[in-house]
Amino acid sequence: MKPRISVITLAVDDLERALRFYRDGLGLATQGIIGKEFEHGAVAFFDLQAGLKLALWPRASLVHDAGIPLSPASSSELSLGHNVSSKSEVDAVMLQARNAGAEIVKAAHDTFWGGYAGYFKDPDQHLWEVVWNPAWDAPD
């Protein structure tokens, strides 16, 4: 296996609501929901950085496709990190997320390791960390 990821799929309970959060609230570009003509096919894709896409797919469709039982959603299984270039950008993204309907679970703060970060949950309880790390260059 080569060390790369090309798609991150988030299981969502309400695809239209999730689309509005990520497209309208966070400003991510998308063609909208595609695949509605297929059973378990409706999905929304967002281009992230080069070679990486974010997919929003109904939870029922994901478990059907994978052949696994539906289980309760949990915010403590995974976090998605969004690195930015400054403390003020952390604050701006956290405010944008809150205004889009996210739940701020940990306000932006100075970290023990010298950075600055905060956490929010999207409407489907997916945990995002917005972080400025002075040792890393944030991707464009």
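Check the entry above for the structure.
Computed from a predicted structure; not experimentally measured.

Scoring rules and cut-offs
- Residues numbered from 1 in each chain as written.
- Predicted model: local features only at pLDDT ≥ 70, side-chain atom pairs only at ≥ 80, totals over all residues.
- Heavy atoms only, no water.
- Helix = DSSP H or I, 4+ residues; strand = E, 2+ residues; numbered from the N terminus.
- Polar contact = N/O pair within 3.5 Å; in protein donor to acceptor, adjacent residues only side chain to side chain.
- Contact = heavy atoms within 4.5 Å.
- Pairing = 2+ DSSP bridges.
- Axes fitted to C-alpha atoms, helices over the stretch in contact; angles between N-to-C directions.
- Buried < 20%, exposed > 50% of the residue type's maximum accessible area, 1.4 Å probe, protein only.
- Phe/Tyr/Trp six-rings, centres within 6.5 Å; stacked < 30°, edge-to-face > 60°.
- 1 Å grid on protein atoms, 1.4 Å probe; cavity = no way out; pocket = protein on both sides within 12 Å on 5 of 7 lines; lining within 4 Å.
- Points joined across faces, edges and corners; volume = space filled by probe spheres on them.
- Nonpolar A, V, L, I, M, F, W, Y, C, P; charged D, E, K, R; others polar.

Time to look at the side chain of Thr111. Within the secondary structure, Thr111 is located in the loop between strand S6 (103–110) and strand S7 (116–121). Here the side chain of Thr111 touches Gly115 through a polar contact of 2.8 Å, landing on its backbone nitrogen. Setting aside residues up to four positions removed in sequence, Thr111 forms contacts with Tyr116 and Ala117.

Looking now at the sheet that holds S6. Read across the open sheet, the four strands follow the order S5-S8-S7-S6; overall the sheet is mixed. The outermost strands of the open sheet, each flanked by one partner alone, are strand S5 (79–84) and S6. Shown here is a sheet whose adjacent strand axes are inclined to one another by a mean of 15°, direction ignored. Of the strands in this sheet, S5, S6, S7 and strand S8 (127–132) are in contact with helix H3 (residues 87–100), which crosses S7 at around 10°.

Right, let's get into helix H2 (residues 59–66). What sets the pattern is the α-helix's 3.6 residues per turn: residues three or four places apart point alike. All buried positions along H2 are accounted for by Arg59, Ser61 and Val63. Taken together, the buried residues of H2 touch strand S1 (7–12) and strand S4 (53–58). Looking at the residues trailing H2, positive phi occurs at Gly67, about 75°.

Taken as a whole, this structure holds five aromatic pairs when the rule is applied. Aromatic pair Phe21 and Tyr22: ring centres 4.9 Å apart, planes at 85°, arrangement edge-to-face. As far as the burial class goes, Phe21 and Tyr22 line up, both buried. On the numbers, 6.2 Å between centres and 50° between planes, the contact of Tyr22 with Trp128 is tilted. Of this pair, Tyr22 sits in helix H1 (residues 15–25) while Trp128 sits in strand S8, placing them 106 residues apart in sequence.

Right, let's get into the layout of surface pockets. The space that makes up the largest pocket amounts to roughly 750 Å³. Lining the largest pocket are 25 residues, and of these Leu48, Gln49, Gly81, His82 and Trp128 lie nearest its centre. Sort the elements by how many residues they give to the lining of the largest pocket and S5 lands first, with five residues. Across the lining of the largest pocket, the residue classes break down as 16 nonpolar, six polar and three charged. Empty space within the second largest pocket amounts to approximately 420 Å³. What lines the second largest pocket is a set of 22 residues, among which Ala11, Arg59, Ala73, Ser74 and His126 lie closest to the centre. Elements with a contribution of two residues or more to the lining of the second largest pocket: S1 and H2. Its residues assigned to classes, the lining of the second largest pocket shows 13 nonpolar, six polar and three charged.

Spatial strand order, S1-S4-S3-S2: four strands in an open sheet with mixed pairing. Each having just a single partner strand, S1 and strand S2 (30–34) make up the two edges of the open sheet. Neighbouring strand axes in the sheet, compared pairwise and without regard to direction, differ in orientation by 20° on average. Where S2 lies against strand S3 (residues 43–47), three bridges are found, and the strand directions are antiparallel. When the bridges of S3 are listed, Thr30 appears paired with Phe46. Relative to the sheet, H1 contacts S1, S2, S3 and S4, its axis offset from that of S4 by approximately 155°.

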